[in-house]
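For reference, the chains in residue letters:
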Amino acid sequence: MGSEAQNINMVKDLNVEEGEYSEPVSPTGQYFNSSALSISVLAVLDSDIPIDDSPTLTLLKDVFLPINPRFSSVMVKEENGEKKWKKVEVKLEDHVNIPIFPPGLSPESYDNHLSDYLSKIAMEQLPNNRPLWNIHIIKYPTSHAAGNVIFKLHHSLGDGYSLMGALLSCLQRADNPTVPLTFPSLGPAPTPKLSLESNNVVKNIPNVIWSALNTVSDFGWSLLKSTCVEDDRSLIRSGDAGVEFKPVVISTMTFSLDHIKQIKTKLGVTINDVITGIIFLGTRLYMQGTVGGSKKLNNAQSTALVLLNTRAIGGYKSVKEMVETDADSAWGNQFGFLHVSLPDLSSVESCHPLDFVWKAQKLIQRKRNSRAVFLTGQLLECLRKYTGPEATAKYIHSTLKNSSMTVSNVIGPVERMALADHPVRGLYFMVVGVPQSLTITMVSYMGKLRVAIGTEKGYIDPTKFESSVETAFGMILDASKEIGELN
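Everything numeric in this text was worked out from a predicted model, so none of it was measured.

Asker: So, the pairing of strand β6 (residues 133-138): which residues are in play, and what are the values?
Answerer: Within β6, six of the six residues are buried, leaving the element largely enclosed by the surrounding structure. Burial of the side chains of β6 extends over both faces: Trp-133, Ile-135 and Ile-137 are buried on one face and Asn-134, His-136 and Ile-138 on the other. Bridge count between strand β5 (residues 96-97) and β6: two bridges; the pairing is parallel. In the strand pairing of β6, Val-96 is matched with Ile-135. The handedness of the β5 to β6 crossover, carried by helix α3 (residues 107-123), is right-handed. Two elements, β6 and strand β7 (residues 147-154), share six bridges in a ladder whose sense is antiparallel. Within the sheet, the bridge partner assigned to Trp-133 lies in β7 and is Leu-153.

Asker: I'd love a proper account of the side chain of Thr-215, names of residues and values included.
Answerer: Note on placement: Thr-215 falls in helix α5 (residues 198-227). A residue is classified by how much of its surface remains accessible, and Thr-215, at 10% relative accessible area, is buried. A polar side-chain atom of Thr-215 sits 2.9 Å from the main-chain amide nitrogen of Arg-371. Here Thr-215 is in contact with Ser-370, Arg-371, Ala-372 and Leu-375, once residues within four sequence places are set aside.

Asker: Go over helix α11 (residues 372-387) with me, naming the residues and quoting the values.
Answerer: Relative to the 22 Å expected for 16 residues at 1.5 Å per residue, α11 spans 21 Å between its end C-alpha atoms, a close match to the ideal helical length. Turning to α11, its buried residues number three or more, namely Ala-372, Val-373, Thr-376, Gly-377 and Leu-380. The arc that holds the buried residues of α11, viewed along the axis, is 145 degrees, so those residues lie on one side. Facing away from the buried side of α11 by more than 90 degrees, the exposed set consists of Lys-385 and Tyr-386. Looking one or two residues past α11, Gly-388 carries a phi angle of roughly 100 degrees, positive in sign.

Asker: Help me get a handle on the sheet that holds strand β13 (residues 417-419), residues and values and all.
Answerer: Here seven strands make up an open sheet; going across it, the order is β5-β6-β7-β2-β14-β13-β8 and the pairing mixed. Each having just a single partner strand, β5 and β8 (172-173) make up the two edges of the open sheet. Summarising the sheet, β13 and strand β14 (residues 422-432) pair through two bridges and their orientation is antiparallel. Each bridged residue has a counterpart across the sheet, and for Ala-418 the counterpart in β14 is Pro-423. Sheet strands touched by α3: β2 (40-47), β5, β6, β7 and β14. Its angle to β7, the strand with the most contacts, is close to 15 degrees.

Asker: Describe the pattern of salt bridges, listing the residues and the values that go with them.
Answerer: Tallying each qualifying case throughout the model produces 17 salt bridges. A salt bridge links Asp-240 to Arg-233; its shortest N-O distance comes to 3.3 Å. With a shortest N-O distance of 3.4 Å, Asp-344 and Arg-284 are connected by a salt bridge. In this pair, Asp-344 is assigned in the loop between β11 (335-341) and α10 (353-369) and Arg-284 in helix α7 (residues 271-289), connecting sequence segments 60 residues apart. Residue Arg-284 is classed as buried on the basis of its relative accessible area of 0%. Salt bridges sharing common partners tie together Arg-233, Asp-240, Lys-246 and Glu-456.

Asker: Give me the packing of aromatic side chains: which residues, what numbers.
Answerer: By the definition in use, this model includes nine aromatic pairs. In textbook terms, an aromatic cluster arises when at least three aromatic residues are bridged by ring pairs, as seen for Phe-64, Phe-71, Trp-133 and Phe-151. Between Arg-371 and the ring centre of Phe-374, over which it is positioned, the NZ or CZ distance is 4.6 Å.

Asker: Can you lay out the side chain of His-155 for me, pointing to particular residues and giving the numbers?
Answerer: Residue position: His-155 is located in the loop between β7 and α4 (160-169). Taking the relative accessible area as the measure of exposure, His-155 reaches 6% and is therefore buried.

Asker: Would you mind going over helix α6 (residues 257-267) in detail, with residue names and values included?
Answerer: Along an α-helix, residues three or four apart share an orientation, since each turn contains 3.6 residues. Listed in full, the buried residues belonging to α6 are Leu-257, Ile-260, Ile-263 and Leu-267. Along the axis of α6, the buried positions cluster into a sector of 120 degrees, meaning they face one direction only. Those residues of α6 that are exposed and angled more than 90 degrees off the buried face are Asp-258 and Thr-265. Of the residues that open α6, the one with a side-chain oxygen 3.2 Å from the backbone nitrogen of Asp-258 is Ser-256. In the stretch just after α6, Gly-268 is the one whose phi turns positive, near 70 degrees.

Asker: Give me the sheet that holds strand β3 (residues 73-77): which residues, what numbers.
Answerer: Pairing between the strands of a sheet comes from backbone hydrogen bonds, and it takes one of two forms, parallel or antiparallel. On the basis of which strands lie adjacent, the open sheet formed by three strands has the order β1-β4-β3 and antiparallel pairing. Where the open sheet ends on each side, the last strands, each with one partner, are β1 (22-24) and β3. Mean inter-strand twist for the sheet, computed between neighbouring axes without regard to direction, equals 30 degrees. Of the strand pairs in this sheet, β1 and strand β4 (residues 83-87) are connected by three bridges, and their pairing is antiparallel.

Asker: A description of empty space enclosed by the protein should follow, citing residues and the corresponding values.
Answerer: Scanning all chains against the criterion turns up seven cavities of 30 Å³ or more. Approximately 210 Å³ is the volume attributed to the largest cavity. Lining the largest cavity are 20 residues, and of these Ile-51, Leu-59, Val-149, Leu-419 and Ala-420 lie nearest its centre. Only β2, α2 (56-64), β6, β7 and β14 provide two or more residues apiece to the lining of the largest cavity.

Reading the values: rules and limits
Residues numbered from 1 in each chain as written. Predicted model: local features only at pLDDT ≥ 70, side-chain atom pairs only at ≥ 80, totals over all residues. Heavy atoms only, no water. Buried < 20%, exposed > 50% of the residue type's maximum accessible area, 1.4 Å probe, protein only. Helix = DSSP H or I, 4+ residues; strand = E, 2+ residues; numbered from the N terminus. Pairing = 2+ DSSP bridges. Right-handed = clockwise from strand over helix to strand, strands pointing away. Polar contact = N/O pair within 3.5 Å; in protein donor to acceptor, adjacent residues only side chain to side chain. Contact = heavy atoms within 4.5 Å. Expected span 1.5 Å × (residues − 1). Arc of directions from axis to C-beta. Axes fitted to C-alpha atoms, helices over the stretch in contact; angles between N-to-C directions. Salt bridge = Lys/Arg side-chain N within 4 Å of Asp/Glu carboxyl O. Phe/Tyr/Trp six-rings, centres within 6.5 Å; stacked < 30°, edge-to-face > 60°. Lys NZ or Arg CZ within 6 Å of the ring centre and 35° of its normal. 1 Å grid on protein atoms, 1.4 Å probe; cavity = no way out; pocket = protein on both sides within 12 Å on 5 of 7 lines; lining within 4 Å. Points joined across faces, edges and corners; volume = space filled by probe spheres on them.

By themselves these figures say nothing about function.
What follows is the structure, given as structure tokens:
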């Protein structure tokens with residue numbers, strides 16, 4: 001979407017006095033904290049052991065705040081209208097919340113209390129008169145954990161890559177804190193290379209023309225979707241005004257990365273292609289299987305916004321490297337949206353599950369190879385210059401509102417992590433404040449893929465949706481096994 005490369009020359013010495021640090025807020029940071037948008041990220045850690053909250057303030061002061069000066073800064077507007085990050089004195093106790101639930105309940109009952117609490121803090125706005133983050137400590141055992149630590153971070157602080165890097169800076173390997181965490185490969189998607197040799201110039205002409213046509217088509221479609229063409233109202237999109245202010249239900253499910261890699265190998269696609277195909281098929285199965293859904297509603301025109309990290313990176317860098325290195329891995333918001341239409345599903349009986357993976361691969365690869373994301377970024381920059389950040393934020397709000405769902409993912413470490421000697425059993429995140437009825441996020445950790453599903457409360461049935469995604473995963477896994485048998 002935007003880039004904060006111009007803002008990476010940050011203050012290297014974080015031990016500055018109040019007001020001494022000042023940095024311009026990036027364009028994307030202004031869009032995400034405006035009258036039109038206020039988007040935050042909830043990052044949830046599942047603890048293996050009961051939580052001892054005694055080291056909380058010390059950990060925040062000595063580890064969390066020094067990660068980045070924005071964590072101890074507020075967004076202020078200058079007399080000339082420009083917004084800047086200004087360092088302030090942080091009252092840590094104002095940022096720590098430890099809710100009280102009824103004692104002596106079952107883990108299943110505490111599941112419900114945690115779900116209600118996540119819904120509550122998802123709707124709450126972070127105060128602009130203090131740094132834009134909070135931490136919540138849940139000291140009750142659920143069916144997934146002995147306790148939870150929840151970070152709420154405003155999206156203006158950075159994107160998923162930046163915020164995950166910040167969170168991981170607070171964590172260590174559980175088995176050996178002196179050894180750094182390692183991550184699966186996160187190389188950029190391959191793009192076709194056009195040879196400049198004379199005997200290949202003629203062969204390259206069709207590819208160049210095709211790429212140009214795709215760029216024009218994708219950019220034009222993106223422009224229409226952001227302005228005047230809305231998705232149909234459907235079983236996954238209420239289309240109601242102000243949906244971002246309605247309660248959400250956050251639920252999670254877990255898949256084996258080994259199984260996803262098996263499908264990837266059999267089909268010759270990427271892990272992201274497999275995941276996206278599973279989500280798309282699961283969504284269509286939910287729309288088919290929901291009582292009261294007409295054929296029109298079941299195959300309503302539905303578009304997913306798939307988030308694309310625009311950094312040319314091969315994995316996570318340390319926060320220090322993000323701040324000090326070149327723009328390709330800089331701290332901040334560096335991503336774009338790909339508009340991807342959900343394939344139709346005529347009926348469950350006639351469904352070919354692998355088609356959803358191959359169609360997802362084809363659509364995403366085509367859109368990655370066009371320059372539409374770049375042109376959209378240029379359009380946003382022009383809008384900002386000539387109409388201001390508030391008007392640009394309204395354009396982004398319209399982009400989100402006119403689509404049916406958002407899909408995003410980040411990678412987590414291979415090894416078990418620990419936070420202040422508390423082993424982390426699992427983690428997940430959710431983007432909140434988005435004007436959509438359905439948001440899906442994914443994070444890998446210790447050989448598992450944790451999928452978090454945010455649904456508009458009372459409109460989408462989260463249990464049925466989870467079941468549909470589980471069914472889609474089984475259908476695609478079984479169909480991929482048949483490929484090996486046929487060969």
